[in-house]
Amino acid sequence: MASKFVFIASSMLLLLCSSSMAQKTASPPSLSPTPAPAPAPDYVNLTDLLSVAGPFHTFLDYLVSTKVIETLQNQANNTEEGVTIFVPKDSAFSSLKKPSLKNLTNDQLKSLLLFHALPHYYSLAEFTNLSQSSPVNTLAGGGQYALNFTDVSGTVHISSGWTNTKVSSSVHSTDPVALYQVDKVLLPEAIFGTDIPPAEAPAPTPEIAPAADSPAADKTQAKSPTSSSSQKSASYRVTSWGVLSQMVLAVSGGLAMFL
């Protein structure tokens, strides 16, 4: 009876020791730290940028009045693509005579403004590759709403059929927004048609004839022999009168001696 009790007690003691040893040797599972989320880009206010960046008041007024500014703002801050906007100066609108923007409907004016934006952020360095994939769709669409780009020695040239211009300066270029100044308003064929008037030829430079070949010089040269001969005749007459007067004086003196 006592031996059974000792056996049971020793067995229980052995089980307790083995379980405690197992807990000490078993290592807890390692938990890898969760990476911190990337910081969200700062909110970009296009109205503030265009107000202080340069003479872009006309373009900004059109964006606000048509509410296209909201579309561009959403593309800039609520998408992963960002936006690239080509901003005409105020002088580009004032110098635009034909075609006029006054007869456009509200929808056409919206499309014209969206024609100035690409649905992706592009730095100036990326336009070299972009020129090889032209035409490029704009926020207004593709086809006749697409733009053609060419890189000429680092200068970005833009063509829309009606308009040929270039990027004259970088106003703002930080992902997700790029603003580039252009000297002309971009006019899409989808609105103004494909009957594009030819560009005006530059006025010819007037030719100025050399002074030696002028008629006045020829007349002067033609009159030179006559004037020289007149001078010779006058000097001859003066000499003849001098000799004659001396002879008269000599004869008068001789008569006076005889008288």
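Residues numbered from 1 in each chain as written. Predicted model: local features only at pLDDT ≥ 70, side-chain atom pairs only at ≥ 80, totals over all residues. Heavy atoms only, no water.

Within an unreviewed UniProt entry, the label attached to the protein reads FAS1 domain containing protein, and the organism entered is Trema orientale. Per UniProt, the protein has the following entry under Subcellular location (unreviewed entry): "Cell membrane". (UniProt positions renumbered as here; feature names shortened; annotations may be inferred.)

With that settled, consider the packing of aromatic side chains. For the structure shown, the criterion picks out nine aromatic pairs. Ring centres 6.3 Å apart and planes at 35 degrees place the aromatic pair F86 and Y180 in the tilted group. Residue F86 is found in strand β1 (residues 83-88), and its partner Y180 is found in strand β6 (residues 177-182); the two are separated by 94 residues along the sequence. Here the two residues F86 and Y180 agree in accessibility, since each one is buried. Of the aromatic side chains, those joined through ring pairs into one cluster are F86, Y122, F127, F149 and Y180. (Phe/Tyr/Trp six-rings, centres within 6.5 Å; stacked < 30°, edge-to-face > 60°. Helix = DSSP H or I, 4+ residues; strand = E, 2+ residues; numbered from the N terminus. Buried < 20%, exposed > 50% of the residue type's maximum accessible area, 1.4 Å probe, protein only.)

Right, let's get into the packing of helix α3 (residues 57-66) against helix α6 (residues 106-114). Two numbers describe how α3 lies on α6: the axes approach to 10 Å, and their chain directions differ by 130 degrees. Here α6 runs oblique to α3, going by the angle between their axes. Between α3 and α6 lies a crossing whose hand is left-handed. Residues F59, Y62, L63 and T66 of α3 form the contact with α6, whose participating residues are N106, L109, K110 and L113. (Axes fitted to C-alpha atoms, helices over the stretch in contact; angles between N-to-C directions. Parallel < 35°, antiparallel > 145°, perpendicular 65-115°, else oblique. Left-handed = near helix turned anticlockwise from the far one by under 90°. Contact = heavy atoms within 4.5 Å.)

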